[in-house]
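Report on the structure
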Amino acid sequence: MSSAEDEVDRLVAAWRQERPDLDVTPLQVLSRVSRLSRHLERARRAAFAEHGLEPWEFDVLTALRRAGSPYEMSPGALLRATLVTSGTMTNRIDRLAAAGFVTRNPDPDDRRGVLVRLTAKGLERVDSAFADLLRREQELLAALGRQQQQDLSGLLRTLLVPFDTSDSA
């Protein structure tokens, strides 16, 4: 266990001094999660930028990549995977197609529908960006051993499940 003091320790101590009537225990966890989130966002943006991608491009391309070969999805499935509006998704598909990362193809099961497919260029770009992102995320977690990472993952899952369950309803 680390005995090093961080900024959150200083914040908590100041609040305990100023508002001893309040239980500031949640700050010890959630302020750290918030600060870590900012560091993670910086690492992600750097990884994406290094590969010429915006975060939203990475989101759409990884949704297609996770779908498995032939790496295609309907625009509706992409909407659900990325949680954006129909108009936003149309714009994103247009921009990704213009960049050569995806193509639109007729849906063989629906004459009116289309399928968005990752191109070879899109596949190469998303694979290299994802590998770089994982390297950067491993660096962020380097202070924790494998078991500590698993323990932390489980604790965070416990906190997130109620939100994920209510979001999907």
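Where an unreviewed UniProt entry is consulted, the protein appears under the name MarR family transcriptional regulator, with the organism given as Herbidospora galbida.

**Some remarks on helix α4 (residues 75–82)**
Taken residue by residue, α4 has A77, L78 and T82 as its buried positions. When α4 is viewed along its axis, its buried side chains cluster within an angular range of 120 degrees and face the same direction. In the core, the buried residues of α4 are packed alongside α3 (55–66), β1 (72–73), α5 (86–98) and β3 (110–118). Following α4 by one or two positions, L83 adopts a phi angle in the positive range, close to 60 degrees.

**With respect to the sheet that holds strand β2 (residues 102–107)**
The 3 strands are arranged β1-β3-β2 in an open sheet whose pairing can be described as antiparallel. The outermost strands of the open sheet, each flanked by one partner alone, are β1 and β2. α3 rests against β1, β2 and β3 of the sheet, and its axis sits at about 100 degrees to β3. Lying on the sheet, α5 is in contact with β2 and β3; it crosses β2 at an angle near 115 degrees.

**Focus on unusual backbone geometry**
Geometrically, the link from S69 to P70 is a cis peptide bond, its omega value of 15 degrees lying close to zero. Even without a glycine there, the phi angle at Y71 is positive, about 60 degrees. Assignment of secondary structure puts Y71 in the loop between α3 and β1.

**Details of the side chain of D107**
Relative to the helices and strands, D107 is located in strand β2. Polar side-chain contacts of D107 include one of 2.8 Å to the backbone nitrogen of D109. Filtering out sequence-adjacent residues up to four positions away, D107 remains in contact with G113, V114 and L115.

**A look at the UniProt feature "domain: HTH marR-type" (unreviewed entry) in the protein**
Per the UniProt record, "domain: HTH marR-type" (unreviewed entry) is found at residues 26–161. Helix makes up 70% of residues 26–161 and strand 12%, with an end-to-end C-alpha separation of 18 Å.

Procedures and definitions
- Residues numbered from 1 in each chain as written.
- Predicted model: local features only at pLDDT ≥ 70, side-chain atom pairs only at ≥ 80, totals over all residues.
- Heavy atoms only, no water.
- Buried < 20%, exposed > 50% of the residue type's maximum accessible area, 1.4 Å probe, protein only.
- Helix = DSSP H or I, 4+ residues; strand = E, 2+ residues; numbered from the N terminus.
- Arc of directions from axis to C-beta.
- Contact = heavy atoms within 4.5 Å.
- Pairing = 2+ DSSP bridges.
- Axes fitted to C-alpha atoms, helices over the stretch in contact; angles between N-to-C directions.
- Polar contact = N/O pair within 3.5 Å; in protein donor to acceptor, adjacent residues only side chain to side chain.
- UniProt positions renumbered as here; feature names shortened; annotations may be inferred.

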